[in-house]
Amino acid sequence: MIYKLALAALPAIVLFAAPAAARDIWTKGEANQWYGQQPWLVGANYNPRTAINQLEMWQAESWDPETIDQELGWAEGIGMNTMRVYLHNLLWENDPEGLKKRMNEFLEIASRHGIRPVFVLFDSCWDPDPVAGPQHPPIPGVHNSGWIQAPGAARLADSAQYGKLEGYVKDIVGTFADDKRVLAWDVWNEPNNEGGGNYAPTPNKKAMVAGLLGQVFDWAQSADPIQPLTSGVWIGESWDKPETLDAVEKIQLSRSDVNSFHDYNWPESFARRAAQMMSYGRPVLCTEYMARGNGSTFDGDLPIAKKLNIAMINWGLVDGKTQTRLPWDSWKKPYTFEAPTIWFHEVFRADGTPYRQAETDLIRAMTKAPKGVVPKWEY
């Protein structure tokens, strides 16, 4: 009841609170100085195998630190030093102190394994109607069948509720703004994504996101975090040509302290997009890649990225309730009778054994080699 009363008053509190001393976007020099102090960053987009989505990962009833500790240990064992981890505004609205407590516990676990996470605040992918509480079980044979958007279609369309979103961003980023265990803040995952899956599209979504994304950057900057802010571009062929960018991409690439992108295609596509991103003169993080059936592999991309000193965060660490070992086309033809020929995402099976030993050997060899050095590799 205390939280409900506090939330009811939140929009007024946000409206009349004295503005914080927001920091500016980092200069290119500041961004590159920060990046020069980091190791070569390698990791995965992370959700424990026992959780179908962001809510099930973080809600008190399904919080599973033992599994998280085990799985981050597997990641540490192959040299990974970061994870990209999704939050959700509903987690904060329903239990702000509990969320921050569990985030701190996650950071304690991750720190023991030498891992510093990138926290994601909002996400435009998959189910547009998130509901807190118990989550439905996985849909058999379907990729990421329970993942949810944040803030979701209804909340995105209701600007009267933006005060709660502001409170969420300012409190979460502000609480951990000086925490060296946090690597970075990804303020919005694929903001101009229409959603995916078989869900009904959200009317006027891109325009609404374009109107909100800049505010999200403002709110995060107002907390004056020591960590960089970013939001990754993911679609398009000419990111180095401003005239080709849409309204959302222009915000992403003009407001990010360090730039980030996604690529799930052949190595030549990765190399081309990497060059486009590096043309901005800022550090570059590839925050999603590795879809084996689509041509994106550790073998193809890691050597390119290591040479260019691009951070690499693949999709998926351990096979579990998200079922992202299955390909995107499972939304049209669920894999209920037989498994796909190869796994789409994920590094480890649920018991901790690698899906493909050669991949984990490669990751370990790449991360052990000095920064910028691509080691000789034989299968």
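Residues numbered from 1 in each chain as written. Predicted model: local features only at pLDDT ≥ 70, side-chain atom pairs only at ≥ 80, totals over all residues. Heavy atoms only, no water.

Colleague: Can you tell me about the overall build of the protein chain, naming the residues and giving the values?
Modeller: Within the protein chain, the regular secondary structure consists of 13 helices and eight strands. Buried residues in the protein chain amount to 57% of all 379 residues. In the protein chain, the proportion of contacts linking residues at least 24 apart, taken out of those at least 6 apart, comes to 79%. Total accessible area on the protein chain stands at roughly 15,200 Å², and carbon and sulfur atoms take up 57% of it. The protein chain carries 36 positive and 46 negative side-chain charges, and their two centres are separated by 3 Å. (Helix = DSSP H or I, 4+ residues; strand = E, 2+ residues; numbered from the N terminus. Buried < 20%, exposed > 50% of the residue type's maximum accessible area, 1.4 Å probe, protein only. Contact = heavy atoms within 4.5 Å. Areas by Shrake-Rupley, 256 points an atom, 1.4 Å probe, with all protein chains shown as cover. Lys, Arg positive; Asp, Glu negative; His and termini not counted. Charge placed at Lys NZ, Arg CZ, Asp CG, Glu CD.)

Colleague: Lay out the sheet that holds strand E1 (residues 42-46) in plain terms, naming residues and giving numbers.
Modeller: Spatially, eight strands are ordered E5-E4-E3-E2-E1-E8-E7-E6 in an open sheet, and the strand pairing comes out parallel. With partners counted over all chains shown, the strands left at the sheet margins are strand E5 (229-230) and strand E6 (259-262), one partner each. Two elements, E1 and strand E2 (residues 82-86), share four bridges in a ladder whose sense is parallel. Considered in E2, the bridge of Gly43 is made with Thr82. (Pairing = 2+ DSSP bridges.)

Colleague: I'd like a rundown of the layout of surface pockets, residues and numbers included.
Modeller: The calculated volume of the largest pocket comes to roughly 430 Å³. Around the largest pocket, the lining is made up of 24 residues, and of these Glu190, Asn193, Trp234, Tyr264 and Trp328 lie nearest the centre. Among the residues forming the lining of the largest pocket, the class breakdown is nine nonpolar, ten polar and five charged. (1 Å grid on protein atoms, 1.4 Å probe; cavity = no way out; pocket = protein on both sides within 12 Å on 5 of 7 lines; lining within 4 Å. Points joined across faces, edges and corners; volume = space filled by probe spheres on them. Nonpolar A, V, L, I, M, F, W, Y, C, P; charged D, E, K, R; others polar.)

Colleague: Quick rundown of empty space enclosed by the protein? Include the residues and the values.
Modeller: One pass over the full model with this rule turns up two cavities of 30 Å³ or more. Here the largest cavity defines a volume of roughly 100 Å³. As for the largest cavity, its lining consists of 17 residues, of which Asn45, Tyr46, Asn47, Trp315 and Thr322 are closest to the centre. As a volume, the second largest cavity reaches approximately 30 Å³. Around the second largest cavity sit Asp123, Ser124, Gln149, Ala150, Pro151, Gly152, Leu156, Trp188 and Lys205, which together line it. By residue class, the composition of the lining of the second largest cavity is four nonpolar, three polar and two charged.

Colleague: Got a sec to walk through the pattern of salt bridges? Specific residues and values, please.
Modeller: Counted by the stated rule, this structure contains 21 salt bridges. Between Arg272 and Glu237 there is a salt bridge, with its nearest N and O atoms 3.4 Å apart. Of the two residues, Arg272 is situated in helix H11 (residues 267-278) and Glu237 in the loop between E5 and helix H10 (247-255); the sequence distance between them amounts to 35 residues. Residue classification places Arg272 among the partly exposed residues on the basis of a relative accessible area of 39%. Where Arg356 meets Glu359, a salt bridge forms, and the shortest distance between an N and an O atom there is 3.6 Å. The class of Arg356 is partly exposed, set by a relative accessible area of 31%. (Salt bridge = Lys/Arg side-chain N within 4 Å of Asp/Glu carboxyl O.)

Colleague: If you had to explain the packing of helix H4 (residues 65-77) against helix H6 (residues 96-112) to someone new, which residues and values would you point to?
Modeller: At a minimum axis distance of 9 Å, the contact between H4 and H6 shows a crossing angle of 30 degrees. On the basis of the axis angle, H4 is roughly parallel to H6. Crossing of H4 over H6 shows right-handed handedness. Residue-level contacts link Pro65, Ile68, Asp69, Leu72 and Glu76 of H4 to Glu105, Phe106, Ile109, Ala110 and Arg112 of H6. For the contact of H4 with H6, the class distribution of residues is six nonpolar, no polar and four charged. (Axes fitted to C-alpha atoms, helices over the stretch in contact; angles between N-to-C directions. Parallel < 35°, antiparallel > 145°, perpendicular 65-115°, else oblique. Left-handed = near helix turned anticlockwise from the far one by under 90°.)

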